[in-house]
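Report on the structure
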Amino acid sequence: MSFLFGGGRPQPSSAEKIAAAETEIEMVSDMFNRLVSSCTKKCLPPTYAEADLNKGESVCLDRCVSKFFDVNVKVSEKMQGEAGQRQGGAAGGGGGGMFGM
């Protein structure tokens, strides 16, 4: 029963925790940069006519961001499922995506 209290699996060291946090920050930053680049190209003209977004631009950006995250969650779930199958089918079906949605 020691596996219930963390006795069965070695705990990561501080250096491993820091490395994991740095990797996660890099992944989130990369995703954010890809989101901004993709949705900006799709929804905003290269020249600005006004200081504020117009209704069409605002709606386009909102939908673009929503679709970007929906696709990200679906891809993450698919990749987790495939990784679980390669490891013997032991993967749980818990929340997917980078943010546990």
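Above this text sits the structure in question.
Cut-offs applied
Residues numbered from 1 in each chain as written. Predicted model: local features only at pLDDT ≥ 70, side-chain atom pairs only at ≥ 80, totals over all residues. Heavy atoms only, no water. Disulfide = S-S within 2.5 Å. Helix = DSSP H or I, 4+ residues; strand = E, 2+ residues; numbered from the N terminus. Buried < 20%, exposed > 50% of the residue type's maximum accessible area, 1.4 Å probe, protein only. Expected span 1.5 Å × (residues − 1). Contact = heavy atoms within 4.5 Å. Polar contact = N/O pair within 3.5 Å; in protein donor to acceptor, adjacent residues only side chain to side chain.

1. Comments concerning the state of the cysteines
One way to say it: the disulfide is the covalent bond shared by the sulfur atoms of two cysteines. Under the definition given, this model contains two disulfides. Linked covalently through their sulfurs, C39 and C64 form a disulfide whose S-S length is 2.0 Å. A torsion of -90 degrees about the S-S bond marks the disulfide between C39 and C64 as left-handed. With C39 in helix α1 (residues 14–43) and C64 in helix α2 (residues 55–86), this pair connects stretches of sequence that are 25 residues apart. On the basis of relative accessible area, C39 is assigned to the buried category, the value being 3%. Relative accessible area serves as the criterion here: at 9%, C64 is assigned to the buried category.

2. A few points about α2
The end-to-end C-alpha separation of α2 is 47 Å, in line with the 46 Å expected for 32 residues at 1.5 Å each. Burial in α2 covers these residues: E57, L61, C64, F68, N72, V73, S76 and G84. Taken together, the buried residues of α2 touch α1. Capping the start of α2, N54 holds a side-chain oxygen 3.1 Å from the backbone nitrogen of G56, two or three residues further along. G88 lies just past α2 and shows a positive phi near 105 degrees.

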